[in-house]
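Analysis of the macromolecular model
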Amino acid sequence: MEYFVQQLINGLTLGAIYGLIAIGYTMVYGIIGMVNFAHGDVYMIGAFQAMIMLLICGALGISWVPLQLALMLVVAVVLTAAYGWTVERVAYRPLRGSSRLAPLITAIGMSIVLQNFVQLAQGPRPKPVEPVIRGGIQLMQKEGFIVQLSYLQMVIIVLTVALMSAFAYLIATTPLGRAQRACEQDMKMASLLGVNVDRTISQTFVMGAALAAVAGLMVTLYWSVNDFYIGFVAGIKAFTAAVLGGIGSLPGAMLGGVLIGLIEAMWSAYFSTEYKDVAAFGILVLVLIFRPTGLLGRPEIEKV
C-alpha cells in the first residue's frame, strides 16, 4: 500500500505536467482544427528560459527562493508566449486558407527548427541545475519505506489545479473566451459578426505557450535537468493525453494528462520501465477503438 501511494503521488505530479501541455494542443485544435506539433518544443524552450533565469539569479546573488521562482515564472512565460505568437504569425497564419496537410507539415518543420535552434544555442548535452525547492512531508512509513509528498509536488499539483480553474473561467465568462468559442463553432460566421479571428487565434497560441512555459518551469524544478530533446517526447505524450481525454475539451486534456501520468508511474512500478510508453499508447489505442472521440470528447456534427 505504501509503495502504491507513493507511485500515485508521482503519477499525479507527472500527469499534471502533461495536462498543462495538452491544454495547448486542445485549445489550438478546438479553434482551427490543426495539431500544433511544435507545441512540445515551445514547452522545451520554456524549460530552458526558466533554467537560464535560475542561473542568472545565481550569478546575481539572488538566493531567496520565492523571488527566484517569481523571476523564473515571469521570464519563462513572457518569452515563451512570444515564441508561441511568432510561430503562429510566421508559420501558420499564411497557410490558414490552405488544405490541412500544409499546416501539418509546417508544424513538423517548426518542431525541427526549434529543436535545432536550441541544440545550436545551448549545446546537445543535458544541462543539470541545482534543486531549488527541497524537503517534503512524510505521509507514512513501513519497514523502512517512507511515503513522502515533497513541497515541489504540492506546488505542481496546486498550481495546475489553479491554472486549470482560471482558464476554464476565462473561456466560459470573458469576451476572449466567447470569441474563442465562436471561432470554434463557425470561424466565418464569427468573422462576419465582428470577431477578430486572427487576433483570437494569436491569443490562443500565446495562452497555450504560456501554459507550456509553466510546465517547462515545473520540469526544470522537478527533474533539475534539461536537454533539447525533451520537447519531442513530452509533446507526443501530451498530444496523446489530449486525444485520450477528448481533443477540444479542456477538462479532457487535463484528465488525459493525469491518466497518462498514472499509467506511466504504475507500469514503471509494477512491470517494466522500458515499456511504460508502450502501455500508455496501448491504452490510447483501446480507448480510440471503443470511444473514438476520447473520454470527454463530443462527436462532431456536420450541419448541411
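Up top is the structure.
Residues numbered from 1 in each chain as written. Predicted model: local features only at pLDDT ≥ 70, side-chain atom pairs only at ≥ 80, totals over all residues. Heavy atoms only, no water.

1. So, the overall build of the protein
The helix and strand tally for the protein stands at eleven helices and four strands. Taken against the 2.2 N^0.38 rule, which gives 19 Å for 304 residues, the C-alpha radius of gyration of the protein at 20 Å falls within 12% of a compact globule. Oriented by its inertia axes, the alpha-carbon framework of the protein measures out at about 65 × 50 × 35 Å. Scored against the burial criterion, the 304 residues of the protein give a buried share of 46%. Of the accessible surface of the protein, which amounts to about 15200 Å², a share of 68% is contributed by carbon and sulfur atoms. Across the protein, the mean location of the 17 positive side-chain charges is 8 Å away from that of the 14 negative side-chain charges. (Helix = DSSP H or I, 4+ residues; strand = E, 2+ residues; numbered from the N terminus. Rg over C-alpha atoms; globule rule 2.2 N^0.38 Å. Buried < 20%, exposed > 50% of the residue type's maximum accessible area, 1.4 Å probe, protein only. Areas by Shrake-Rupley, 256 points an atom, 1.4 Å probe, with all protein chains shown as cover. Lys, Arg positive; Asp, Glu negative; His and termini not counted. Charge placed at Lys NZ, Arg CZ, Asp CG, Glu CD.)

2. Considerations on the packing of aromatic side chains
If you walk through the whole model with that rule in mind, you get nine aromatic pairs. Ring centres of Y25 and F239 lie 5.7 Å apart, and the angle between their planes is 55°; on these two criteria the pair is classed as tilted. Residue Y25 is located in helix α1 (residues 2-32), and its partner F239 is located in helix α9 (residues 230-245); the two are separated by 214 residues in the primary sequence. A residue is classified by how much of its surface remains accessible, and Y25, at 2% relative accessible area, is buried. Between Y222 and W223, the ring centres sit 5.1 Å apart and the planes meet at 75°, which makes this aromatic pair edge-to-face. For Y222, a relative accessible area of 23% translates into the label partly exposed. Through a chain of ring-to-ring contacts, the aromatic side chains of Y25, F37 and F239 assemble into a single cluster. (Phe/Tyr/Trp six-rings, centres within 6.5 Å; stacked < 30°, edge-to-face > 60°.)

3. Concerning the pattern of salt bridges
Evaluation of the coordinates by the stated rule reveals six salt bridges. Two residues, E88 and R96, come together in a salt bridge whose shortest N-O distance is 2.3 Å. On the accessibility criterion, E88 (0% relative accessible area) is buried. Residues D277 and K237 are paired through a salt bridge, measuring 2.9 Å at the closest nitrogen-oxygen approach. Separated by 40 residues along the polypeptide, D277 in helix α11 (residues 276-290) and K237 in helix α9 bring together distant segments of the chain. Here the residues in one salt-bridge network are E88, R93, R96 and D198, joined through shared partners. (Salt bridge = Lys/Arg side-chain N within 4 Å of Asp/Glu carboxyl O.)

4. Brief notes about unusual backbone geometry
We note that S224 has phi near 60°; this positive angle belongs to a residue other than glycine. With respect to the secondary-structure elements, S224 resides in the loop between α8 (197-223) and β4 (225-226). Among the residues examined, S224 registers a relative accessible area of 14% and is labelled buried.

5. Things to note about a nonpolar patch on the surface
On the surface, M1, Y3, F4, L8, L12, F145, Y270 and F271 cluster together into a nonpolar patch covering about 790 Å² of accessible area. Ranked by residues supplied to the nonpolar patch, first place goes to α1 with four residues. Summarising the element assignment, F145 is placed in strand β3 (residues 145-150). (Patch = residues over 30% accessible without salt bridge, like charges linked within 9 Å, V, L, I, M, F, W, Y side chains within 5 Å.)

6. Observations regarding the packing of helix α2 (residues 39-60) against α8
Where α2 contacts α8, the two axes come as close as 7 Å, and the packing angle between them is 55°. Between α2 and α8, the crossing angle belongs to the class labelled oblique. Of the two elements, α2 crosses α8, and the hand of that crossing is right-handed. Here α2 contributes H39, V42, Y43, G46, A47, A50 and M51 to the contact with α8, which in turn contributes G208, A209, A212, A213, A215, G216, L217, V219 and T220. By residue class, the composition of the contact of α2 with α8 is eleven nonpolar, five polar and no charged. (Axes fitted to C-alpha atoms, helices over the stretch in contact; angles between N-to-C directions. Parallel < 35°, antiparallel > 145°, perpendicular 65-115°, else oblique. Left-handed = near helix turned anticlockwise from the far one by under 90°. Contact = heavy atoms within 4.5 Å. Nonpolar A, V, L, I, M, F, W, Y, C, P; charged D, E, K, R; others polar.)

7. Considerations on α2
In a regular helix each residue adds 1.5 Å, so 22 residues correspond to 32 Å; α2 covers 32 Å between its end C-alpha atoms and thus fits that length. Buried residues dominate α2, accounting for 16 of its 22 residues. (Expected span 1.5 Å × (residues − 1).)

8. Observations concerning the side chain of K127
You can see K127 is positioned in strand β1 (residues 127-128). Here the side chain of K127 touches Q122 through a polar contact of 2.6 Å, landing on its backbone oxygen. A distance of 2.7 Å separates a polar side-chain atom of K127 from the backbone oxygen of R125. (Polar contact = N/O pair within 3.5 Å; in protein donor to acceptor, adjacent residues only side chain to side chain.)

9. Some remarks on the nonpolar core
Grouped together as the largest cluster of nonpolar side chains are 75 residues, with contacts concentrated most on I17, L20, I21, I23, Y43, M72 and Y92. Sorting elements by how many residues they give to this core places α8 first, with 14 residues. If near-sequence neighbours (up to four positions away) are discounted, I21 is found in contact with H39, Y43, A215, A234 and A238. (Core = buried A, V, L, I, M, F, W, Y, C linked by side-chain atoms within 4.5 Å.)

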